[in-house]
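Next come the chains, spelled out residue by residue.
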Amino acid sequence: MSDLVRLSRRTALIGAAGAGGLLLTGCDRLSRSASFQRVLATAGRLDMGVQRFLLSGDQLAPEYTRAEVSPWFKPNGSFTGTTDDYKRMLDDNFASYRLSVGGLVRHPLSLSLAELKALPARSQITRHDCVEGWSAIGGWTGVPLSLLLTSAGLLPQARYIVFHCADNLGGGPGGLYYESIDLKDAFHPQTIMAYAMNGQPLPVPHGAPLRLRLERQLGYKMAKYVMGIEAVASYAHLGSGRGGFWEDRGYQWYAGI
Ligand SMILES: Nc1nc2c(c(=O)[nH]1)N[C@H]1C(S)=C(S)[C@@H](COP(=O)(O)O)O[C@H]1N2
Ligand SMILES: [Mo]
């Protein structure tokens, strides 16, 4: 076991203990999950990719101080998930939630919220810009998407990452919210799957239990209520084929700020 893996394993244990609600049985359950072990074992190898990214001249979105966090952050779009599965998870406070990572990957993953919270995390305070013209600064903590994708092992045909959500935004049956991003954005160091906002568990109106933070694009790209992450070669077969719920209704696929 390399030092980095050992270190991240230790971080994970501290994280699990710090989560408070996790008893020893919770730790046992964590250590038995093959998905969790796989992601943890990948954590040490990740720094190289992030370093390469930083050296390649790509921009980070500006980050702010705690004092700059907006007192009010407007929830927008859906205020809750609407599927039957989601309603069941609300009842058990997301104990039965599992994030699936699949599609064009070598090792599909299934991770509980406790497992996600026990992985190495990134926190960032950033400004959210909605296409409707409002902005708010908020603090986010979550798992780097790059860690999940590296652990799952993308196949060479994978070109986009799709996020499948649990709400239909009044769109009727079959019209669940979804979004897609390219691999460059997926591996950006500030692209995280967030489970906390301003130091608290992610509130339901903001996308509990897990939402995407993609800091260099507009708000509608940042899928809330994420149930599944799927690697695909093309998004043409999804929805109306334009790569996202709002893209199918006329918005740009690349919503750079
Ligand atoms: N699943 C889902 N994700 C979503 C939306 C939505 O309605 N459903 N709205 C989007 C829009 S337009 C914005 S501005 C942000 C709002 O995030 P917030 O509710 O945390 O402010 O979520 C985005 N992600
Ligand atoms: Mo938005």
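Residues numbered from 1 in each chain as written. Chains lettered and ligands numbered in written order. Predicted model: local features only at pLDDT ≥ 70, side-chain atom pairs only at ≥ 80, totals over all residues. Heavy atoms only, no water.

**Things to note about the site of ligand 1**
Then step 1. Residues in contact with ligand 1 amount to 22 residues; listed here are only the nearest, Lys-74, Asn-76, Asp-167, His-206 and Lys-224.
Then step 2. With respect to ligand 1, the backbone of Asn-76 contributes an N or O atom lying 2.8 Å from an oxygen atom.
Then step 3. Between Arg-211 and ligand 1, the recorded distance is 3.0 Å, taken from a side-chain N or O atom to an oxygen atom.
Then step 4. Class assignment of the residues belonging to the shell around ligand 1 gives a composition of twelve nonpolar, six polar and four charged. (Near = heavy atom within 4 Å. Polar contact = N/O pair within 3.5 Å; in protein donor to acceptor, adjacent residues only side chain to side chain. Nonpolar A, V, L, I, M, F, W, Y, C, P; charged D, E, K, R; others polar.)

**Observations concerning the packing of aromatic side chains**
Then step 1. With the rule as written, the count across this model stands at eleven aromatic pairs.
Then step 2. Between Tyr-86 and Tyr-225, the aromatic rings sit 5.5 Å apart at their centres with planes inclined by 85°, giving edge-to-face as the arrangement. Of this pair, Tyr-86 sits in helix H5 (residues 84-91) while Tyr-225 sits in the loop between strand E9 (211-213) and strand E10 (226-232), placing them 139 residues apart in sequence. Like Tyr-225, Tyr-86 is buried.
Then step 3. What links up through ring pairs into an aromatic cluster is the set Tyr-177, Tyr-220, Phe-245, Trp-246 and Tyr-251.
Then step 4. Over the ring of Phe-245 we find Arg-249, and its NZ or CZ is 3.7 Å from the ring centre. (Phe/Tyr/Trp six-rings, centres within 6.5 Å; stacked < 30°, edge-to-face > 60°. Helix = DSSP H or I, 4+ residues; strand = E, 2+ residues; numbered from the N terminus. Buried < 20%, exposed > 50% of the residue type's maximum accessible area, 1.4 Å probe, protein only. Lys NZ or Arg CZ within 6 Å of the ring centre and 35° of its normal.)

**Details of helix H7 (residues 145-152)**
Then step 1. Among the eight residues that make up H7, seven are buried, leaving the element largely enclosed by the rest of the structure.
Then step 2. Listed in full, the buried residues belonging to H7 are Leu-145, Ser-146, Leu-147, Leu-148, Leu-149, Ser-151 and Ala-152.

**Concerning the sheet that holds E10**
Two orientations exist for strands paired in a sheet by backbone hydrogen bonds: parallel and antiparallel.
Then step 1. Strands sit in the order E2-E1-E10-E5-E6 across an open sheet of five strands; the sheet is mixed. Both outer strands of the open sheet, strand E2 (109-112) and strand E6 (178-182), are each paired with one neighbouring strand and no more. Ignoring which end each strand starts from, the neighbouring axes of this sheet average 15° apart.
Then step 2. Note: strand E1 (residues 98-103) against E10, four bridges, orientation parallel. Residue pairing in the sheet places Val-101 in a bridge with Ile-229 of E10. (Pairing = 2+ DSSP bridges. Axes fitted to C-alpha atoms, helices over the stretch in contact; angles between N-to-C directions.)

**Focus on the nonpolar core**
Then step 1. One finds Leu-148, Ile-161, Phe-163 and Ile-229 to be the most contacted residues of the largest nonpolar core, which totals 50 residues.
Then step 2. In terms of residues, this core owes the most to one element, H7, which gives five residues.
Then step 3. Excluding residues within four positions of it along the chain, Ile-229 makes contact with Leu-99, Ser-100, Val-101, Gly-102, Leu-145, Leu-148, Leu-149, Ile-161, Val-162, Phe-163 and Met-193.
Then step 4. Counting residues in hydrophobic clusters, the runner-up holds nine residues, among them Trp-134, Ala-136, Ile-192 and Met-197. (Core = buried A, V, L, I, M, F, W, Y, C linked by side-chain atoms within 4.5 Å. Contact = heavy atoms within 4.5 Å.)

**So, the environment of Arg-216**
Then step 1. Summarising the element assignment, Arg-216 is placed in the loop between E9 and E10.
Then step 2. For Arg-216, a relative accessible area of 18% puts it in the buried group.
Then step 3. Here the alpha-carbon distance between Arg-216 and Gly-256, two residues 40 residues apart in the chain, equals 5.8 Å.
Then step 4. The contacts of Arg-216, once residues within four sequence positions are left out, are Asp-58, Gln-59, Ala-61, Asp-185, His-188, Ala-255, Gly-256 and Ile-257.

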